[in-house]
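As a plain string of letters, each chain reads:
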Amino acid sequence: MTGENVNTVQHPTLELSSLDNLWFQVAGTLCNLKCNHCFISCSPTNDKFGMLSLSTVERTLEESVKYGVKEYYYTGGEPFMNAEIIPMLSATLRYGPATVLTNAILISDDMTEQLADIEASSSYSLEIRVSLDGFTPEMNDPIRGHNTFKRTVDGIRRLVKVGFLPIITAVKTWDDDRDLEVIGGFLQQMLDIGYSRPRLKLIPTLRIGAEPQRTHGYLEGEEITLDMMDGYDASQLICSNSRIMTDKGLYVCPILIDADDAKLGETLEDGLKPYELKHRACYTCYMSGAICSNASSSGEKLFAEKLSAHQ
Amino acid sequence: MNFNGQTYRRIAAFGGVYSNHIALEAMLNDVVHRDVEAIFCLGDLGAFGPHPNKVFSLLVQGGVNVMQGNYDNSIGNHLADCQCGYTDPRDNYFAKLSYDYTYANTDAQWKWWMKSLPTEFRIRLGRYNLLMCHGSPRKMNEFLWESTTPAHFLKKLTVDYHADVILAAHTGIHSYRALPQDKHFVNVGVIGRPANDGNTNVWYTLLTADEGLDVEFIPLHYSYRALAEEMNEEKLPAEFIETVETGWWTTCLEILPAKERKRGKW
Ligand code: SF4
Ligand code: SF4
Ligand SMILES: [Fe+2]
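For every chain, the first residue of the written sequence is number 1, and numbering continues from 1 onward in sequence order. Going through the entries in the order they are written, you letter the chains from A and number the ligands from 1. pLDDT decides what is reported in this predicted model: residues at 70 or higher carry local features, side-chain atom pairs at 80 or more are listed and counted, and totals for whole chains, interfaces and linings draw on all residues regardless. Side-chain measures were taken over the full set of non-hydrogen atoms in the model, leaving aside hydrogen atoms and water.

## Thoughts on the nonpolar core
Phase 1: Nine residue types can take part in a nonpolar core, namely buried Ala, Val, Leu, Ile, Met, Phe, Trp, Tyr and Cys, and a core is a set of them joined through side-chain atoms within 4.5 Å. For every residue, the accessible area obtained with a 1.4 Å probe (protein chains only) is divided by the maximum for its type, and the residue is called buried under 20%, exposed over 50%, and partly exposed between those limits. Core analysis: the largest hydrophobic core is formed by 56 residues, its most contacted members being F24, Y74, L89, L115, I156, I168 and F186 of chain A.
Phase 2: Any pair of residues with heavy atoms lying within 4.5 Å of one another is described as a contacting pair. Every residue in contact with I168 of chain A, bar those within four places of it in the chain, is listed here: V130, L132, I156, F186, M190, Y195, R199, L200 and K201 of chain A.
Phase 3: Counting residues in each nonpolar core, the second largest holds 49 residues, with L28, V55, Y71 and Y101 of chain B among its members.

## Regarding a nonpolar patch on the surface
Phase 1: A patch is a set of surface residues, each over 30% in relative accessible area and not in a salt bridge, joined within 9 Å for like charges and within 5 Å for the nonpolar side chains Val, Leu, Ile, Met, Phe, Trp and Tyr. Surface exposure here means Shrake-Rupley accessible area, sampled with a 1.4 Å probe, where a residue is shielded only by the protein chains that are shown. Salt bridges are counted wherever a side-chain nitrogen of Lys or Arg sits within 4 Å of a carboxyl oxygen of Asp or Glu. A contiguous nonpolar patch, built from M51, M81 and L106 of chain A and spanning about 210 Å² of accessible area, is present on the exposed surface.
Phase 2: Comment: elements are numbered from the N terminus, with helices defined as DSSP H or I runs of at least four residues and strands as E runs of at least two. As for its placement among the helices and strands, L106 of chain A is situated in the loop between β4 (98-102) and α3 (109-120).

## Overview of the packing of aromatic side chains
Phase 1: Here is the rule: rings of Phe, Tyr and Trp (six-membered ring for Trp) pair when centre to centre is within 6.5 Å. Planes less than 30 degrees apart are stacked, more than 60 are edge-to-face, and the remainder are tilted. A complete count under the given rule lists 17 aromatic pairs over all chains for this structure.
Phase 2: Relative to F94 of chain B, the ring of Y93 of chain B lies with its centre 4.9 Å away and its plane at 75 degrees, an arrangement referred to as edge-to-face. F94 of chain B matches Y93 of chain B in its accessibility class, with the two residues each being buried.
Phase 3: Members of the aromatic cluster, connected to one another through ring pairs, are F48, Y93, F94 and F240 of chain B.
Phase 4: Sitting over the face of the ring of F49 of chain A, K248 of chain A holds its NZ or CZ atom 5.4 Å from the ring centroid.
Phase 5: A cation sits over an aromatic face here: R193 of chain B above W249 of chain B, 4.1 Å from the ring centre. Placement of a charge over a ring requires the Lys NZ or Arg CZ to be within 6 Å of the ring centre, with the centre-to-atom vector within 35 degrees of the ring normal.

## Quick word on the site of ligand 1
Phase 1: Only a single heavy atom is needed: when it lies within 4 Å of a molecule or strand, its residue is near that molecule or strand. Taken together, C31, L33, K34, C35, H37, C38, C42, G77, N103 and R144 of chain A form the complete shell of residues around ligand 1.
Phase 2: In this classification, Asp, Glu, Lys and Arg are treated as charged, Ala, Val, Leu, Ile, Met, Phe, Trp, Tyr, Cys and Pro as nonpolar, and every other residue, Gly included, as polar. Split into classes, the residues belonging to the shell around ligand 1 amount to five nonpolar, three polar and two charged.

## Quick notes on the site of ligand 2
Phase 1: Taken together, I238, C239, C253, L256, Y275, L277, C282 and C285 of chain A form the complete shell of residues around ligand 2.
Phase 2: For the shell around ligand 2, a count of residues per class yields eight nonpolar, no polar and no charged.

## Description of the coordination of the iron ion (ligand 3)
All names here are of chain B.
Phase 1: At the metal site, the iron ion (ligand 3) is ligated by D44 (OD), N70 (OD1), H134 (NE2) and H170 (ND1), and these contacts range over 2.0 to 2.2 Å.
Phase 2: For Na, K and Ca the donor cut-off is 3.2 Å, while for other metals it is 2.8 Å, and in both cases only N, O and S atoms qualify; water is not among them, so sites may look incomplete. Just to be clear on the cut-offs, tetrahedral is four donors with all angles between 85 and 135 degrees, square planar is four donors and octahedral six with opposite donors over 155 degrees apart and all others between 65 and 115, and anything else goes down as irregular. Bound by four donor atoms, the iron ion (ligand 3) shows angles of 82 to 151 degrees at the metal and therefore irregular coordination geometry.
Phase 3: On the primary sequence, the residues serving as donors to the iron ion (ligand 3) are separated as D-x25-N-x63-H-x35-H. Of the two residues, N70 sits in helix α3 (residues 70-76) while H134 sits in the loop between β6 (128-132) and α6 (151-160), which places them 64 residues apart along the sequence.

## Things to note about helix α2 (residues 54-61) of chain B
All names here are of chain B.
Phase 1: All of the buried residues in α2 are V55, F56, L58 and L59.
Phase 2: As for α2, its buried residues are in contact with β2 (10-14), α1 (21-31), β3 (38-41), β4 (65-66) and α5 (108-115).
Phase 3: In the segment just after α2, G63 is the residue with positive phi, at about 70 degrees.

## What about the pattern of salt bridges?
A side chain with one charge can pair with a side chain of the opposite charge if their charged atoms come near.
Phase 1: This structure, assessed with the given rule, holds 25 salt bridges over all chains.
Phase 2: The residue K70 of chain A makes a salt bridge to E142 of chain B at a minimum N-O spacing of 2.7 Å. Residue K70 of chain A is located in the loop between α1 (54-64) and β3 (71-75), and its partner E142 of chain B is located in the loop between β6 and α6; the two belong to separate chains. Neither residue differs from the other here; K70 of chain A and E142 of chain B are each classed as buried.

## Things to note about the packing of α1 of chain A against helix α2 (residues 85-92) of chain A
Residue and element names in this part refer to chain A.
Phase 1: To obtain each axis, a line is fitted to C-alpha atoms, and for helices this fit is confined to the stretch in contact; angles are then taken between N-to-C directions over 0 to 180 degrees. Interaxial distance between α1 and α2 falls to 10 Å at its minimum, and their mutual angle equals 10 degrees. Between α1 and α2, the interaxial angle falls into the category roughly parallel. Facing L54, V57 and L61 of α1, the residues of α2 in contact are P87, M88, A91 and T92.
Phase 2: Its residues assigned to classes, the contact of α1 with α2 comprises six nonpolar, one polar and no charged. Small angles under 35 degrees read as roughly parallel and large ones over 145 as roughly antiparallel, with 65 to 115 read as roughly perpendicular and the rest as oblique.

## Details of the interface of chain B and chain A
Phase 1: On the chain A side, the residues contacting the 35 residues of chain B number 38 residues.
Phase 2: Taking both sides of the interface into account, the surface hidden between chain B and chain A amounts to around 2,900 Å²; carbon and sulfur atoms contribute 50%.
Phase 3: Two N or O atoms count as a polar contact when they lie within 3.5 Å, although within protein this holds only if one can serve as hydrogen donor and the other as acceptor, and sequence-adjacent residues are included solely when both atoms are side-chain atoms. Between the two partners, chain B and chain A, sit 21 residue pairs in polar contact (both at pLDDT 80 or more).
Phase 4: Listed by contribution, the elements that provide at least two residues to the side of chain B that touches chain A are α4 (89-104), α6 and α9 (258-263) of chain B.
Phase 5: Residue composition of the side of chain B that touches chain A, grouped by class: 13 nonpolar, six polar and 16 charged. Each of two parts loses accessible area, computed with a 1.4 Å probe, when they are put together; buried area is these two losses added.

## Overview of the pairing of strand β5 (residues 121-125) of chain B
Residue and element names in this part refer to chain B.
Phase 1: With burial as the criterion, only one face of β5 is covered, namely that bearing F121, I123 and L125; the residues R122 and R124 on the opposite face remain uncovered.
Phase 2: Bridging between strand β1 (residues 7-8) and β5 involves two bridges; their strand directions are parallel. Among the inter-strand pairings, Y8 is bridged to a residue of β5, identified as L125.
Phase 3: Relative to β6, β5 is paired through five bridges, and the arrangement is antiparallel. When DSSP finds two or more bridges between two strands, those strands count as paired.

## A look at the sheet that holds strand β8 (residues 175-179) of chain B
Residue and element names in this part refer to chain B.
Phase 1: Taking strand neighbours across the sheet as the criterion, the six strands line up as β1-β5-β6-β7-β9-β8 in an open arrangement whose pairing is mixed. Of all strands in the sheet, those bounded by a partner on one side alone are β1 and β8.
Phase 2: Pairing of β6 with strand β7 (residues 165-168), which is carried by three bridges, proceeds in the parallel orientation. Note on β7: the bridge partner recorded for L130 is V165.
Phase 3: Across the sheet, α6 lies against β7, β8 and β9 (183-187), angled at about 75 degrees from β8, the strand it touches most.

## Remarks on the packing of α2 of chain A against α3 of chain A
All names here are of chain A.
Phase 1: Following both chains from N to C, one finds α2 and α3 inclined at 15 degrees, their axes separated by 10 Å at the closest point. When the interaxial angle is binned, α2 and α3 end up roughly parallel. At the point where α2 passes α3, the crossing takes the right-handed sense. Every residue of α3 that contacts α2 at I86, L89 and S90 is listed here: M111, Q114, L115 and I118. We call a crossing left-handed when the near helix sits turned anticlockwise from the far one by less than a right angle, and right-handed when that turn is clockwise.

Quick look at the structure:
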């Protein structure tokens, strides 16, 4: 595990204020892709974490009721590599809203129909978040792999066709001063494929997993110390309101499943204990705030003009 | 002022005035014929509309019990933004525009007044313990959308906060959820702008405790053209005026969950 802390700095311990968000590491670390910024180094062969079973999901959903869980999230690896993903989502939507994080490549026409059906029969929202890291193949494919731009965009098109409004999620691999140009590029690309009201969400990179080879790891002093929590709104940290279920048990957050001390037990009840924020990745969480919520950008043709007129 | 011990049979409640003094006046005229014992406003007095000062004296003279919303908390405490937590640059652009306008045009005495407003009300409605809050009982700016708020979560709120009925607003869309064991959650809607349903009317809520709890959403029609004209004179953005005239939300859409977003036009 990279980003391990070896010195003697004291770190804050964070209580779980309420279990609002329950994550399922539904495909373990198995993915059809092998992106070079993947923060848990997923790949077709990384089976450190395996597939979650439908029965574990059902048992955990039932346990979640008494803790008042508000939202359910599905991640991997690639959730659609799990053969039981559709029944899992269907079960989830009887309890509350579900969000799936996917690269959309494996979502076939047949599957989009099934997804649309289970969404329509629930009063809760089914959010599909599709990862894409550039608005052109030139920008995306060096990060996510050969021809992945086209395959993911095709997946988005299939989802849009049956009425989904997928949230396009891009890890921010460019500099701040290019934000407007890149956002504009994304929105235009989505309009071009017939996605008339695209939603876009940018997330910061996490310098763990495969990401340090792409850029650099954490620098000295990039960790959360006790005094840094003074006046800080800890509710921004995922671990203040979330836990994640994997095939190996319950972990503190989706980011740290590689860390030995991040496993808290087997059930949600085991996960109610506080956690010491001693990892370098915690520093990114601290600096960038709520990176896992569904809030997204909306597309509008006049936006770029308006902003430039304003500045 | 927290109304502990007060018992009513029938009340009216609404959220989000958003400086829409024309709808507020229409609502106060309408409610006179509805046989209610008290009127409650769940906060967010400013934003979006023109001439923010106009709503305050209407509320006070109308005898409305007013709670602080996140907008009022921001304006009253001179904060930099409305605390809606937008991350999208387009949403932020419009949110800032209306916030700066509202802040600049709200008199100091009303800022002071908003700062001192209570953040929850507790009353008895018939046999029910009723708790009113702006967003959720645990957080003023938490959104409790219909499609992202599980029944078991709402049930837990009623237990944690010792209430049979919880009223909230903040999202801008009214909804009602009957929960097990005669518990209830009601989003009372807003009178400041339409409910993103393609109709120009706005909504408020009547609650009556007789045999059980009766929840009635009242569509309120008002002179939206007059409001649009004032907004135009005040040079408020065309996007806001479009919402008033069409009933579709055009800005701050990022916070909408998939289902609510899909029901809208944009
Ligand atoms: S970033 Fe996502 S799509 Fe890419 S390898 Fe990791 S899990 Fe798979
Ligand atoms: S990585 Fe982030 S969410 Fe995970 S324990 Fe550290 S601070 Fe919490
Ligand atoms: Fe609000």
